[in-house]
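Remarks on the overall topology
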Protein chains: 2
Amino acid sequence: MSLEKLDQLNRKLHAISHAMAILGADEAIHMPPGGGKGRADSLSALAAMQHEMASAPHIADWIEEAENEDLTPDQTIGLEEFARLYRQRTCLPADLVRRKTASAMACEQLWRQARPEGDWKSLQPLLQDVIELAREEAGLRAAATGLAPYDALIDQYDPGSTMAEIDPVFSRLKSFLTSFLPRALEAQKKRHADHPLKPLAGPFPVEKQRALGLAAMEQLGFDFTHGRLDISHHPFCGGVPTDVRMTTRYDTDSFIQGLMGTLHETGHALYEQGLPRQQAHWPHNLARGMAMHESQSLFVEMQIVRSRPFWQWALPLLARHLGSSAFEGWSVEDVLAHVNIIEKGYIRVDADEVTYPLHVILRYELEQDLIGAKLDARDLPEAWNAKMEEYLGLNTLDKVADGPMQDVHWPAGLFGYFPSYTLGALMAAQQWNAMERKVPDAAERISRGDFAAINDWRRDNIWSRASHATTPRILQDATGEPLNPDHFIAHLEKRYPA
Amino acid sequence: MSLEKLDQLNRKLHAISHAMAILGADEAIHMPPGGGKGRADSLSALAAMQHEMASAPHIADWIEEAENEDLTPDQTIGLEEFARLYRQRTCLPADLVRRKTASAMACEQLWRQARPEGDWKSLQPLLQDVIELAREEAGLRAAATGLAPYDALIDQYDPGSTMAEIDPVFSRLKSFLTSFLPRALEAQKKRHADHPLKPLAGPFPVEKQRALGLAAMEQLGFDFTHGRLDISHHPFCGGVPTDVRMTTRYDTDSFIQGLMGTLHETGHALYEQGLPRQQAHWPHNLARGMAMHESQSLFVEMQIVRSRPFWQWALPLLARHLGSSAFEGWSVEDVLAHVNIIEKGYIRVDADEVTYPLHVILRYELEQDLIGAKLDARDLPEAWNAKMEEYLGLNTLDKVADGPMQDVHWPAGLFGYFPSYTLGALMAAQQWNAMERKVPDAAERISRGDFAAINDWRRDNIWSRASHATTPRILQDATGEPLNPDHFIAHLEKRYPA
């Protein structure tokens, strides 16, 4: 049977993915600096081997034959997802892949040097090469999938999402945020004047912060027989579903960054740990793309953790782990004031949940024009500034390092990735709304530290569905409606009274 | 060029070895328990892929063609070592490999259950299967290499060593030890009566023991940009030469086990870190087998660390890290009395350097008879007992769990491995002797914590030679003579005055 051959192939591909995931986490967490060269060589050789095995021409025959075999419904779904990935892997000629890899590698390496100095002049020609190759790639992916060129790029990170769906949603969100943000900032200023932020009474030793994070992770449902928490320079959630490697980083002056990093990654981790364990070597049982993954981390971070009920439960936990004297006289409002600060800024990764979508929409709009050849690298500083002025009232003409040079994505050749972040935030709010209709006392449960019913809803509606359908389909099935920005807007209006 | 094809192949094989080494270390050090199944699946798939790639029939042609190409001396050595390993990998029919793997896996699994209960009856038939397949394997390996059957097994772990060389050496050593041991024990008894062991003034917190171990490792020459120290249930040295993963374990009642574990593994680590960095993906630049590796760990543990000069340097280090009050009134002799205790016992892994070789020689003699079909599994309890009575004066007839059931090697199908341990001890003493002729003030240097000249000798004579020649050849070149047990015997007589 050809399905059996594909099954054996998937076991091998899965074994390599397992190795690469653990090696990647180890590199960021444990590896001594001198191990880097050998690790990079090993990872790139494994990736090349895996790609070669996964894109061999005879696999096309196996897929075709398997489609005519007597399959269970689950096997059919698995075969479809495998075929979709096979088309993605094989629709680019080897020569383009080589040129694209070389161009992106050169541009990313240059970017690492040029960004600190804001040296746009050096970056621009290499970035233009990357953009032109991305256009070529988008055209070929479009031809292979029947999607529009930019949609074909998005589809790699968020299967099923298209401009047709995203454009009106982002447009409504943009118009809301540009009017909401100034009012919310004004209201926050007044609140802070009336009730000044209580200073954090650090230092908070790393070991105590770690114990606090572990306690919160455990309560949120993280399974420590299938995962662990370490420290790395940038927090991440890596590893594999049966062995999740999560990290955070600590600042002894404030517990907030370390704890929020821990809990954001816990959201990713719960998704991974909740994926189906059966047939885990087939790709339809992997997590459903970047946008859905981000919806799971933001569900925990934005919907649960930055809420009032959460701190009703967690304020005593803070006092227990970090010392009750540090929180003498603190109310839940005092913590909320610290964790829900909004602020306009230049940098996407430092943005709060109100301003973040504006950073993303800006990039989404520019990417459409870059891929559509309406914009070239040389136009980016001005185009960037125009949108930053319009959306956030910030001028970036003299700040190119913190403008179009701030992210690694474009130098690395990643186009179509950015919208995922905000799609995740929107879906998280929409999922919360749908969950609360089934678990009406969800907020009250959170205030008692009871996350079981909430996780049950997520397991049934999101985690167990893995990659069994497109992102829009899973969202529709889970919430009863297509992507709807109203839930996110209502969430912001409630959290940040303006 | 066919050499170029082999070079590319070696890069791929090396990348998989790198992954397996790091995954293996991670499993023992960091992996949460629920990750075991997925990790085992990944590792066995990687091993199968590597074996398939490394034993493909067309490689035989590449080797033959490359032998006729214009090669540098280093390339010639690399090709020879690769060809040797290729013959080893391909000389068994696939069916025998399958039967052998299945039989050993079943026997090892049963052994894990049967050993604690001393259930020899259940183990015996499965062990007999394993032995019969080992005889079959030995015959085929003998035919492929021109070696005697048992030599062909030894050759996998210690390339170049043979019974013709080992038999007279072990015979002389056995006759020395059986007469020396009772006298040495008697003398020790008298010493302990005259100078009672000072009690260890614990507890010794793990963090302090770790800092002590790190300080000693660094002084001994361990390179922390290319390695690290962690904790695991059994100490080991794993990872890869540019990223060595070393472990120990700690007992808060005594610092000795943790420190000795650390320093034994440091010996292995220095060898790995001292291997050639150029062409590291070719097998002739890997460490030269089990016996040579053990000689490097025992050089550090037995020749350096358990010596008087070492503690002249290290006693102040102990006091600095573990607290000076714990060593108030201690002399170097007091530490030496603790670290150099000899004792007859049933268990090989618990044995000291005087009794250990007797445990090994017993196994070496039995293995010869097992592979030579002069002995079957059912004969082992009596044959074991007869030798234990003769060599150590211990009866094991009622102690089968601590007799022929104590080691995993035979159930796992590993025959020819045991002699490596004692060959390593002998070679370490012989290397020390040769080194001291070149560095006459080596002992004095050690008493000052200066290991540089000693390491230089080892780098030049052992580490840099990697697998460029057989074990006996490297030993001969380094010491000017073939394997000679006199150095080890002199070492014991000096350390344990009888």
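**Looking at the overall build of chain A**
- Each helix and strand counted, chain A has 20 helices and 3 strands in total.
- For a compact globule of 498 residues, the expected C-alpha radius of gyration is about 23 Å, and chain A comes in at 23 Å, within 12% of that figure.
- Its C-alpha atoms give chain A principal-axis dimensions of about 70 × 50 × 50 Å.
- In chain A, which comprises 498 residues, the share counted as buried stands at 56%.
- Long-range contacts, defined here as pairs at least 24 residues apart, represent 73% of the contacts in chain A between residues at least 6 apart.
- Taken as a whole, chain A presents about 20500 Å² of accessible surface, with 53% of it coming from carbon and sulfur.
- Within chain A, the 69 negative side-chain charges are centred at a point lying 3 Å from the centre of the 50 positive side-chain charges.

**Considering the sheet that holds strand E1 (residues 227–231) of chain B**
Residue and element names in this part refer to chain B.
- Taking strand neighbours across the sheet as the criterion, the 3 strands line up as E1-E3-E2 in an open arrangement whose pairing is mixed. The open sheet is flanked by E1 and strand E2 (237–240), the only strands paired with a single partner. Adjacent strand axes in the sheet meet at a mean angle of 20° when their direction is disregarded.
- Inspection of the sheet shows E1 paired to strand E3 (residues 243–248) by 5 bridges, in the parallel sense. Bridged to Arg228 within E3 is Arg245.

**Describing the relation of the copies chain B and chain A**
- Rotating chain B by 180° and moving it 0.0 Å along the rotation axis overlays it on chain A with an RMSD of 0.0 Å. What the superposition gives is, in effect, a two-fold axis relating one chain to the other. Nearest to the rotation axis, the C-alpha of Ala19 of chain B is located 3.2 Å from it, this being the minimum over chain B.

**A word on the interface of chain B and chain A**
- Each partner contributes residues to the interface: chain B has 30 residues there, and chain A has 30 residues.
- Across the chain B to chain A interface the summed buried area is about 2300 Å²; carbon plus sulfur atoms make up 61%.
- Looking only at chain B, the three residues that lose the most surface to chain A are His30, Pro32 and Met49 of chain B, adding up to 20% of its buried area.
- For the pair chain B and chain A, the interface holds 4 salt bridges.
- Across the chain B-chain A interface, the total number found is 15 residue pairs in polar contact (both at pLDDT 80 or more).
- Contributions of two or more residues to the side of chain B that touches chain A are made by helix H1 (2–29), helix H2 (36–54), E1 and E3 of chain B.
- Of the residues contributing to the side of chain B that touches chain A, the split by class is 13 nonpolar, 10 polar and 7 charged.

**Here's the deal with a negative patch on the surface**
Residue and element names in this part refer to chain A.
- Residues Asp61, Glu64, Glu65, Glu67 and Glu80 make up a contiguous surface patch of negative charge.
- Inspection of the secondary structure assignment puts Glu64 in helix H3 (residues 58–67).
- Taking relative accessible area as the criterion, Glu64 reaches 53% and is therefore assigned exposed.

**Thoughts on unusual backbone geometry**
- Along the chain, Gly202 of chain A connects to Pro203 of chain A via a cis peptide bond; the corresponding omega equals 0°.
- Relative to the assigned elements, Pro203 of chain A resides in the loop between helix H8 (163–194) and helix H9 (206–220).
- Although it is not a glycine, Ala466 of chain B sits at a positive phi angle of roughly 40°.
- Structurally, the position occupied by Ala466 of chain B is in the loop between helix H18 (452–461) and helix H19 (471–479).
- The exposure class assigned to Ala466 of chain B is buried, which follows from its relative accessible area of 0%.

**With respect to the pattern of salt bridges**
All names here are of chain B.
- Tallied over the full model, the rule gives 72 salt bridges over all chains.
- Put simply, Asp486 and Arg172 hold a salt bridge, and the shortest N to O gap is 2.8 Å. One end of the pair, Asp486, is in helix H20 (residues 486–495); the other, Arg172, is in helix H8 (residues 163–194), with 314 residues separating them in the sequence.
- On the basis of relative accessible area, Arg172 is assigned to the partly exposed category, the value being 38%.

**Brief notes about the side chain of Asn285 of chain B**
Residues and elements named next belong to chain B.
- With respect to the secondary-structure elements, Asn285 resides in the loop between helix H10 (256–274) and helix H11 (289–305).
- A distance of 2.8 Å separates polar atoms of two side chains, one belonging to Asn285 and the other to His468.
- When sequence neighbours within four positions are dropped, the list of residues in contact with Asn285 reads Leu275, Pro276, Gln278, Gln279, Ala280, Ala466 and His468.

**Overview of the domain arrangement of chain A**
All names here are of chain A.
- Taken as a whole, chain A is organised into domain 1 (1–90) and domain 2 (100–498).
- Placing the centre of domain 1 and that of domain 2 at their C-alpha centroids yields a distance of 27 Å.
- Contact residues are listed per partner, giving 23 residues for domain 1 and 23 residues for domain 2.
- Across the domain 1 to domain 2 interface the summed buried area is about 2000 Å²; carbon plus sulfur atoms make up 62%.

**Quick notes on the environment of Arg228 of chain A**
- Topologically, Arg228 of chain A is positioned in strand E1 (residues 227–231).
- Between the alpha carbons of Arg228 of chain A and Ala452 of chain A there is a distance of 20 Å; along the sequence they are 224 residues apart.
- Beyond its immediate chain neighbours, meaning those up to four positions away, Arg228 of chain A contacts Phe222, Val244, Arg245 and Met246 of chain A together with His30 and Pro32 of chain B.
- Side-chain polar atoms of Arg228 of chain A contact the backbone oxygen of His30 of chain B, separated by 2.9 Å.

Conventions we followed
Residues numbered from 1 in each chain as written. Chains lettered and ligands numbered in written order. Predicted model: local features only at pLDDT ≥ 70, side-chain atom pairs only at ≥ 80, totals over all residues. Heavy atoms only, no water. Helix = DSSP H or I, 4+ residues; strand = E, 2+ residues; numbered from the N terminus. Rg over C-alpha atoms; globule rule 2.2 N^0.38 Å. Buried < 20%, exposed > 50% of the residue type's maximum accessible area, 1.4 Å probe, protein only. Contact = heavy atoms within 4.5 Å. Areas by Shrake-Rupley, 256 points an atom, 1.4 Å probe, with all protein chains shown as cover. Lys, Arg positive; Asp, Glu negative; His and termini not counted. Charge placed at Lys NZ, Arg CZ, Asp CG, Glu CD. Pairing = 2+ DSSP bridges. Axes fitted to C-alpha atoms, helices over the stretch in contact; angles between N-to-C directions. Least-squares fit on C-alpha atoms with pLDDT ≥ 70 in both. Buried area = accessible area lost by both parts, 1.4 Å probe. Salt bridge = Lys/Arg side-chain N within 4 Å of Asp/Glu carboxyl O. Polar contact = N/O pair within 3.5 Å; in protein donor to acceptor, adjacent residues only side chain to side chain. Nonpolar A, V, L, I, M, F, W, Y, C, P; charged D, E, K, R; others polar. Patch = residues over 30% accessible without salt bridge, like charges linked within 9 Å, V, L, I, M, F, W, Y side chains within 5 Å. Domains from an automatic or database assignment.

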